[in-house]
Amino acid sequence: MPKRDTSLAPVESFIQVIRGQRVILDADLAWVYGVTTKALNQAVRRNSRRFPSDFVFQLTREENEGHRSQIVTGSQKHRDPRYLPYAFAEYGALQAANVLKSGRAVQMGVFVVRAFVKMREALATHRELAAKLAELERNLAARLDLHDSLITGIIKELHKLASPPEPTRKPIGFHVRERPATYRTTRK
C-alpha cells in the first residue's frame, strides 16, 4: 500500500462525483481504512450480496480515463491498468467498513459517513445560495429594465431639447416682395 501524507487531505477530499453520485474510489477508501486496495476489493467480492449496484459500481474505461486527470491523490498511480477501479457510494463505504472487520475500518467508517453527510449539507447550502442568487439576479434585472427604460426616455427628451424643430412662424420685420416686371411697350 503506498504511503500517503496523513496531514494532506481529510476524507472529504477523496469524495468525487461520478454518474451523478458522490463516491470514493476503492484505492482511496482502502487507504482510509488502512488496508490494501486488493484486500478491500476481495472483501467486496466475497460479500457481493451486501453491495448492490447503488452501493458500489465499477468504473468504465471512459470514466476511468476522464477522472484519472482529475484525481489529485496518488492512489491511481500504481494501479494495474487491466483492473478498473470501484466507486463506493456512502452506504457502500459504510458496508465496506463492516465487511473488513478491522478496528481501523470500523473507526474510520464513522468518519467516512460523516464526510458524506458534510458534503450533502454543503451541497444543500450551495443549492439554497444558488436559488437566492438567481432570485436576486431576476430582481436586479427587472429593476435594471425599469431604469433602462427611464434613462432611455430621459435621453430622448434631451435630444429633443438639444435639436429644436425649425420655426414655423413668419419672420418679423419689413420685407419687400418684388413683383415680376411686366414689360409693355406702348409707342405712340
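Within each chain, residue numbers correspond to sequence positions counted from 1 in written order. With the structure being a predicted model, the display of local features is reserved for residues of pLDDT at least 70 and the display and counting of side-chain atom pairs for 80 or more, all residues being used for whole-chain, interface and lining totals. Only hydrogens and water are removed before side-chain values are computed, so all heavy atoms of the structure are retained for them.

A separate point is the packing of aromatic side chains. Each pair of aromatic rings taken from Phe, Tyr and Trp, with Trp reduced to its six-membered ring, is defined by centres within 6.5 Å and is described as stacked if the planes are under 30 degrees apart, edge-to-face if over 60, and tilted in the remaining cases. Enumeration according to the criterion identifies three aromatic pairs in this entry. Aromatic side chains Phe51 and Phe88 sit 6.4 Å apart centroid to centroid with 85° between the ring planes, which places their arrangement in the edge-to-face category. Here the residue Phe51 occupies a position in the loop between helix H2 (37-46) and strand E3 (56-58), and Phe88 occupies one in strand E4 (residues 86-88), the gap between them amounting to 37 residues. Type-normalised accessible area, obtained with a 1.4 Å probe on protein chains alone, sets the label of each residue: buried when under 20%, exposed when over 50%, and partly exposed for intermediate values. Classification of Phe51 by relative accessible area gives buried; the value is 7%. Numbering of helices and strands runs from the N terminus, with a helix taken as a DSSP run of H or I at least four residues long and a strand as a DSSP run of E at least two residues long.

Let us now look at the nonpolar core. Burial of nonpolar side chains together is a common tendency in soluble globular proteins. For this analysis, a nonpolar core means a set of buried residues of the types Ala, Val, Leu, Ile, Met, Phe, Trp, Tyr and Cys, connected via side-chain atoms within 4.5 Å. If you look at the biggest cluster of nonpolar residues, it comprises 26 residues, and the most contacted ones within it are Ile24, Leu29, Val32, Tyr33, Leu40, Phe88 and Val112. Those elements that place two or more of their residues in this core are helix H1 (26-33), H2, helix H4 (90-100) and helix H5 (103-162). Excluding residues that lie within four positions of it along the chain, Val112 makes contacts with Val11, Ile24, Leu29, Val32, Tyr33 and Ala93. Listed in part, the six residues of the second largest apolar core include Ile18, Leu25, Leu59 and Ala87. Contact definition: two residues touch when any of their heavy atoms are within 4.5 Å.

Moving on: a nonpolar patch on the surface. Nonpolar side chains (Val, Leu, Ile, Met, Phe, Trp, Tyr) are joined into patches within 5 Å and like charges within 9 Å, using only residues with over 30% relative accessible area and no salt bridge. Where accessible areas are quoted, they stem from the Shrake-Rupley method and a 1.4 Å probe; at the residue level, only the protein chains shown are allowed to cover. Whenever Lys or Arg places a side-chain nitrogen within 4 Å of a carboxyl oxygen from Asp or Glu, that contact is recorded as a salt bridge. Taken together, the side chains of Leu129, Leu133 and Leu136 present a nonpolar region at the surface, about 300 Å² in accessible area. With respect to the helices and strands, the residue Leu129 is situated in helix H5. The class for Leu129 is partly exposed, based on a relative accessible area of 47%.

Now for the environment of Arg82. Secondary-structure assignment places Arg82 in the loop between helix H3 (61-68) and E4. Under the relative-accessibility criterion, Arg82 is labelled exposed at 59%. Residues Arg82 and Arg61, 21 residues apart in the sequence, show an inter-C-alpha distance of 9.8 Å.

In this analysis, axes come from line fits to C-alpha atoms, helices being fitted only over the stretch in contact, and the angle between any two N-to-C directions falls in the range 0 to 180 degrees. Where H2 contacts H4, the axes come no closer than 10 Å and their chain directions differ by 95°. Relative to H4, the element H2 is oriented roughly perpendicular. Contacts from Ala39, Leu40 and Ala43 in H2 reach Ala96, Val99 and Leu100 in H4. An angle counts as roughly parallel when it lies under 35 degrees, as roughly antiparallel when it exceeds 145, as roughly perpendicular when it falls between 65 and 115, and as oblique in every other case.

Moving on, we get to the sheet that holds strand E2 (residues 21-25). At least two DSSP bridges between two strands are needed for those strands to be called paired. Judged by pairing direction, the sheet is antiparallel, and its four strands sit side by side in the order E1-E2-E4-E3 without closing on themselves. Bordering the open sheet on either side are strand E1 (15-18) and E3, each of which pairs with just one other strand. Strand-to-strand twist in this sheet, taken as the mean axis angle between neighbours without regard to direction, amounts to 45°.

Note that E1 and E2 share four bridges and pair antiparallel. Each bridged residue has a counterpart across the sheet, and for Ile15 the counterpart in E2 is Ile24. Between E1 and E2, which pair antiparallel one after the other, the connecting turn spans two residues, and Arg19 there sits at a positive phi close to 55°. Both E2 and E4 contribute to a ladder of two bridges, which runs antiparallel.

On to unusual backbone geometry, then. Despite not being glycine, Arg19 has its phi angle at roughly 55°, a positive value. With respect to the helices and strands, the residue Arg19 is situated in the loop between E1 and E2. Overall, Arg19 belongs to the partly exposed group, its relative accessible area being 46%.

Mapped onto the elements, Gln95 comes out in helix H4. Gln95 gets classed as buried once you look at its relative accessible area, which sits at 18%. Once residues within four sequence positions are removed from consideration, Gln95 is found in contact with Arg50, Phe51 and Phe55.

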